[in-house]
Amino acid sequence: MSTLITNIAELMTQDADHRVLKNAAVVVEGERISWLGPAADAPAADEAVDAGGRALLPGWVDSHTHLIFAGDRTAEFEARMAGESYSAGGIAVTTGATRTTGDFDLTRLALGRVAEAVSQGTTYLETKTGYGLDVENEARSARIASTVADEATYLGAHLVPAGMDAEEYTDLVCGPMLAAVRPFVRWADVFCERGAFTEEQSRRVLQACRDAGLGLRVHGNQLGEGPGVRLAVEFGAASVDHVNYLAPADIDALAGTWSGWDGSAGRGTGQRGTVATCLPACDLSTRQPLAPGRELLDAGVQVALASNCNPGTSYTSSMAFCVTTAVLQMRLSVHEAVRAATYGGALALGRESGADVDGERAVGSIAVGHRADLHLLNAPSATHLAYRPGIPLTHAVWRAGVRAR
């Protein structure tokens, strides 16, 4: 079954050549893109969809979420808005609620959050464990995450549970807990921050997870300058996320990881570096300074934007809000922000090319052979995402070639 989407006013491919096509068309066959180009040259297809002069983007790739949770932290949010400082300790509130919620309800809640994200143009997303914090509940969260999201990440090293010794808990994270979650996850993460895990504890977690064959990510430099970026670079992590407080040496270190990589070749040649993932919705909610996205891009660092959807510090799945914020407050261009929210997220998840060992098609860009993840805006150009902030602009969504909205 083939579908021709035609009468596209603006097609922002985010492909190797950063093309923006006018008066364009795309053909989808099954789950993949089989053709794109001028609408006047479009081949015949089994069915046609008139885009009505709207803009078409790749679907958002949300590379950092925490969707497996129960409970509510409205009171914490209200207190923070009244002037209390954010600290890592609020995670414990969610842990209690998550542990006492059954599998069916925990899965239902997560699926509802995924559906909400898809309705706003997200077509590929990652989610983490991290609200179980014991072997049984982390394994359960990993299993659920693997069924509701495209990518699952082990975050047993989210917080040391109340009453546990930090060193003993780190041993648990690196041993029995890791073994229990390993069948369900592709990635591992660690919250390397004051109030969470120290540099040495984080290093132990990263080493154990790398030895177990997991790809690595790091929560780093959210609450102040620290070792997060340095550890991410040392271990060759796919991304370091938050990056609010960066010293010049941190930016230089991240830029250095991309010195041997050439993204212009389309699929990326050479050694892929560590993506800096900015989480602007979280920054606003915690009243932290926005991550220095402009400085990172200017230094040659590959940047992603993600929602960080979670109950405590960023209870939104709106990638459009993140793009808008990046343009209006982080000084990214519309094209740069959309790229960070599509191709950048795919790069952070190792899904920017179709050459992955598990045979997954590339996401985050519109190119022949890539997965047909498409986001049609109710606007003639992507500029309207920032030009009309807060206006819901998603008109239609295709996820792996299937219309989801």
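Residues numbered from 1 in each chain as written. Predicted model: local features only at pLDDT ≥ 70, side-chain atom pairs only at ≥ 80, totals over all residues. Heavy atoms only, no water.

J.: Help me out: how do you make sense of the pairing of strand β4 (residues 47-58) in this one?
T.: Consecutive side chains along a regular strand alternate between the two faces of the sheet. As paired elements, strand β1 (residues 2-12) and β4 share 7 bridges and run parallel to each other. Looking at the pairing, Thr 3 lines up with Glu 47 of β4. When β4 meets strand β15 (residues 374-377), the two strands line up antiparallel, connected through 3 bridges. Counterpart to Leu 56 in the pairing with β15 is Leu 376. (Pairing = 2+ DSSP bridges. Helix = DSSP H or I, 4+ residues; strand = E, 2+ residues; numbered from the N terminus.)

J.: When you look at the environment of Ile 144 in this model, what are you seeing that I'm missing?
T.: Tracing the sequence through the fold places Ile 144 in helix α4 (residues 135-148). Sequence separation between Ile 144 and Ala 110 is 34 residues; the distance between their C-alpha atoms is 8.4 Å. For Ile 144, the residues in contact, after removing those within four places along its chain, are Ile 68, Asp 103, Leu 106 and Thr 107. (Contact = heavy atoms within 4.5 Å.)

J.: Is there a simple way to explain the sheet that holds strand β7 (residues 151-157) in this structure?
T.: In any sheet, the strands associate via hydrogen bonds between backbone groups, in a parallel or an antiparallel arrangement. With parallel pairing, the 8 strands of this open sheet are ordered in space as β5-β6-β7-β8-β9-β10-β13-β14. Where the open sheet ends on each side, the last strands, each with one partner, are β5 (60-62) and β14 (303-305). Across the sheet, the axes of successive neighbouring strands diverge by a mean angle of 25 degrees, strand direction being ignored. Relative to strand β10 (residues 239-242), strand β9 (residues 215-220) is paired through 4 bridges, and the arrangement is parallel. For Val 218, the partnering residue across the bridge sits in β10 and is Val 240. Strands β7, β8 (187-192) and β9 of the sheet are contacted by helix α7 (residues 199-211), whose axis makes an angle of about 180 degrees with β8. Lying over the sheet, helix α13 (residues 334-341) contacts β5 and β14, oriented at roughly 80 degrees with respect to β14. (Axes fitted to C-alpha atoms, helices over the stretch in contact; angles between N-to-C directions.)

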